[in-house]
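# Structural characterization, general
One letter stands for each residue in the lines below.
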Amino acid sequence: MYPAIELVRASFGRYSVTGLHQGTVGLRNYARLLGLEALPAVVGNTAVWVALVVAITLVLSLGLAQLLNESFPGRRLVRWALIVPWAASLIMTSKLFVWIYDYYFGLLNHLLAAAGRAPIDWLGDDRTVMGAMIAVGVFVSLPFTTYVLLAGLQTIAGEVYEAARVDGATGWRSYRWITLPLLRPALLVATVLNLIYVFNSFPIVWTLNDRNPGFAHDTMITFMYKIAFKSALRDVGLAAALGVVNVLLILAAVLAYLRAARWREEPA
Amino acid sequence: MTKTYTLPRNFCSMGSMTRRGLLALVLLGATTLAASGCGDGGRPGSIKVVIAEYSRDHTRPFWQALAEEYTKQTGVRVDLQVIDWNSIDQQVSTMVQNNQPPDVLNLNSFSSYARDGLLYSGDEVLSPKTREDFLEAFAQGGTYQGKLYGFPILASARAFFYNRDLLTRAGVAAPPRTWDDFVQAARRVQALGGGVIGYALPLGPEEAQAEWSIWMWNNGGDWKTGGAWAINSEKNVQTLTFLAALANTHKVTQVNPGKTNRTDGAFQLFKDGKVGMVMGFSPLAAQLDAEGKVAYGVTQMPTNVGTPVTLGVEDYLMAFKKKGNQEAVRQFLDLYYRPEQITRWIGAEGFLPVTKSGRERMSGNEKLRPYLEALPNARLVPTTDPTWDKVKLDVQQSIGLAVQPGGDPRQVLDRIQKSAEESAR
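Scope of this entry: the structure provided in the associated data block. (Residues numbered from 1 in each chain as written. Chains lettered and ligands numbered in written order. Predicted model: local features only at pLDDT ≥ 70, side-chain atom pairs only at ≥ 80, totals over all residues.)

### Observations regarding the overall build of chain B
Looking only at helices and strands, one finds 20 helices and 14 strands in chain B. By residue count, 52% of the 425 residues in chain B fall in the buried class. For chain B, the share of sequence-separated contacts (at least 6 apart) that also reach a separation of at least 24 residues comes to 74%. (Helix = DSSP H or I, 4+ residues; strand = E, 2+ residues; numbered from the N terminus. Buried ≥ 20, exposed ≤ 12 C-beta atoms within 10 Å, placed from the backbone. Contact = placed C-beta atoms within 7 Å.)

Have a look at this one:
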């Protein structure tokens, strides 16, 4: 609780470029936030980033978890391999992707060239930057999500499927009406945790976007950092105000999601 | 609320994400923790020395050895922190917020700290011999309101690098001296085809203010005129329009120069032999020599005003006022500024001397000759004005936008100027 109190306190403060506290300004930092020209774009980016990374991660993880739940030769190896992007440092993973995406040296453009296509500046072209970041976001979120869902799958007793088979439910019907409902607790956990992780994710957006001037591709987390240290604002108090807003926003999003999820449970 | 917040932080440590973790510390940090370790009156048991990492190989070993020597002489321990350039601003800011500033700090800015009254002046912590040894221009560059607060620690100068093979193949007999020659040379090199680039122009956020300064000065513009900011002067609009034309009309730069950084962008391309010309400095030369892949030459900047101007960069040591630390800090600075110490380090890092004795000792170094020769025509960015600390960041975050297709140089410069005037108030 203490850090949260400090964050709120800082958000009421006026700070010099050096970090020196120069008195309190009440709610003025919050009012100034609303006046920031870049804010609407940043909020939009954040919504797109969180929604797409979480949604794509969940869909892919459902498939992966299903696959890893079947027995096949080498399953143990695949399960271990899936941990790698999770275990690697996010900065290192992000830097690796910077070089995969690089216009001149990147693997992706070598593949395009081999296919006779023109190269793309993945991290510089305004149309591709967000997509490139989302792909990395999904890549690093898959392991955790898959394992949560895999754990969920393993709690579903085999007898349930047998009973369903006797009643004639197989394949997609069995998945839709047995697996998914019984996986609901695991899905709920995976979604909530991913919402928070992805919203708060700093290194991917920071590293992949660090060549781009301005704030056109920032999320609220990287924007907060730029306000504090990397823009003409250079204002710790203003950044703290955005930090408070961020915490409240993710809290509201999670509560809204939980309410919606419970609401859907009732008619079932 | 606490619970929600601890989740992302746990996640950070899982991914061993330092910057985000640090950010959490900065923004959530315990701003009221007890004041730092220096004692109540008397001599402190230790001093905190914060140094920026210029290179993995040389920075820490040198300062570690210096700290040991210092402890041996004085009995005062040194808490040495070597911090990378990416996070030093933020870490120092956190220290100041927490009322735990370093005793000695190495940074590329100083005047904001002087304005905030946090620093000792040179009179208070440097011996007269040390003060008199500084080269005049660098002492000027560390002066705020008539007093020396930013003690020169080292300097560097930019120079114009060219790929000999590419220029020869393109039929460019000598490196360009004027802007017109430069455009011709860049066009010819670019025309070689096969992915060859005429000029690598890094106007991305990493160091845009450096690249911009050099072009600006070589067209007769400046950051300020007569003490007032002049960022959107006609000359400067003309210069930025010229740079945008390099990218969008002549098409002699790499793709998206406004979104290219120096280290992993322009320098990387030059080291790979893909680029005809680039503005570099001595560490780039050291890397080129080590790799041995590119035959390169180093010369003066092409200019539009007759005398080529280059950018000199001066970094600083600062001494923070803390109760009872003055004598300990003075002894530490005296040790660093002994000619053999400062020269050893500057030499190892490949930078330029800031003292008269250092210049004498290093004058025989052939590798440094082009930079030493450029020094008399080197200009410094206005670090003596505290507003610069914001202007620099503004330029880094905006000037690249002006050279993107559809960018508007005048509008970008007008906005930076307006913001500078507001900060200066």
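### Looking at the sheet that holds strand β12 (residues 296–299) of chain B
All names here are of chain B. The strand order β8-β11-β7-β12 describes an open sheet built from 4 strands, whose pairing is mixed. Here the strands that pair on one side only, and so sit at the sheet edges, are β8 (197–199) and β12. Across this sheet, the average inter-strand angle for adjacent strands is 25 degrees, counted without regard to direction. The sheet contact formed by strand β7 (residues 159–163) and strand β11 (residues 275–280) spans 4 bridges and is antiparallel. Looking at β11, one finds that F160 is bridged to M279. Helix α10 (residues 179–190) contacts β8 and β11 of the sheet and is inclined by roughly 165 degrees relative to β8. (Pairing = 2+ DSSP bridges. Axes fitted to C-alpha atoms, helices over the stretch in contact; angles between N-to-C directions.)

### Re the pairing of strand β13 (residues 310–319) of chain B
Residues and elements named next belong to chain B. Here β13 lies mainly inside the structure; 10 of its 10 residues are buried. The sheet contact formed by strand β3 (residues 104–107) and β13 spans 4 bridges and is antiparallel. In the sheet register, N106 faces β13, and the bridge partner there is L317. Relative to strand β14 (residues 378–379), β13 runs parallel, the two being bridged by 2 bridges. Looking at β14, one finds that L311 is bridged to R379.

### Thoughts on the environment of G220 of chain B
Residue and element names in this part refer to chain B. The topology assignment puts G220 in the loop between α11 (208–217) and β9 (224–225). The class for G220 is partly exposed, based on 16 C-beta atoms found within 10 Å. C-alpha separation for the pair G220 and S423, spaced 203 residues apart in sequence, amounts to 25 Å. Ignoring any residue separated from it by four or fewer positions in sequence, one finds G220 in contact with K235 and V305.

### Quick word on the nonpolar core
Residues F161, V278 and M318 of chain B are the most contacted members of the largest nonpolar core, which totals 183 residues. A per-element tally of this core places helix α7 (residues 129–154) of chain A first, with 12 residues. (Core = buried A, V, L, I, M, F, W, Y, C linked by C-beta atoms within 7 Å.)

### Description of the packing of helix α3 (residues 39–69) of chain A against α7 of chain A
Residue and element names in this part refer to chain A. It is at 6 Å that the axes of α3 and α7 come closest, and there the two elements cross at 40 degrees. Of the possible angle classes, the one that applies to α3 and α7 is oblique. The way α3 lies across α7 gives a crossing that is right-handed. Across the contact of α3 with α7, the residue classes break down as 18 nonpolar, 9 polar and no charged. (Parallel < 35°, antiparallel > 145°, perpendicular 65-115°, else oblique. Left-handed = near helix turned anticlockwise from the far one by under 90°. Nonpolar A, V, L, I, M, F, W, Y, C, P; charged D, E, K, R; others polar.)

### Some remarks on helix α19 (residues 388–402) of chain B
Residues and elements named next belong to chain B. The terminal C-alpha atoms of α19 lie 20 Å apart, and with 15 residues this matches the ideal 21 Å at 1.5 Å per residue to within 8%. Of all the bends in α19, the greatest measures close to 35 degrees and is centred on Q396. Within α19, 15 of the 15 residues are buried, leaving the element largely enclosed by the surrounding structure. (Expected span 1.5 Å × (residues − 1). Bend = angle between axes of the 7 residues up to and from the residue.)

### Let's talk about the environment of G124 of chain A
Relative to the helices and strands, G124 of chain A resides in the loop between α6 (107–114) and α7. Separated by 42 residues in sequence, G124 of chain A and L82 of chain A have C-alpha atoms that sit 30 Å apart. Here G124 of chain A is in contact with Y103, R211 and N212 of chain A together with V255, N256 and K259 of chain B, once residues within four sequence places are set aside.

### Topic: helix α20 (residues 409–424) of chain B
All names here are of chain B. Taking 1.5 Å of rise per residue, 16 residues should cover 22 Å, and α20 covers 22 Å from first to last C-alpha, within 8% of that figure. All buried positions along α20 are accounted for by P409, V412, L413, I416, S419, A420 and S423. The buried residues of α20 occupy an angular sector of 125 degrees when the element is viewed end-on, so they sit on one face. (Arc of directions from axis to C-beta.)

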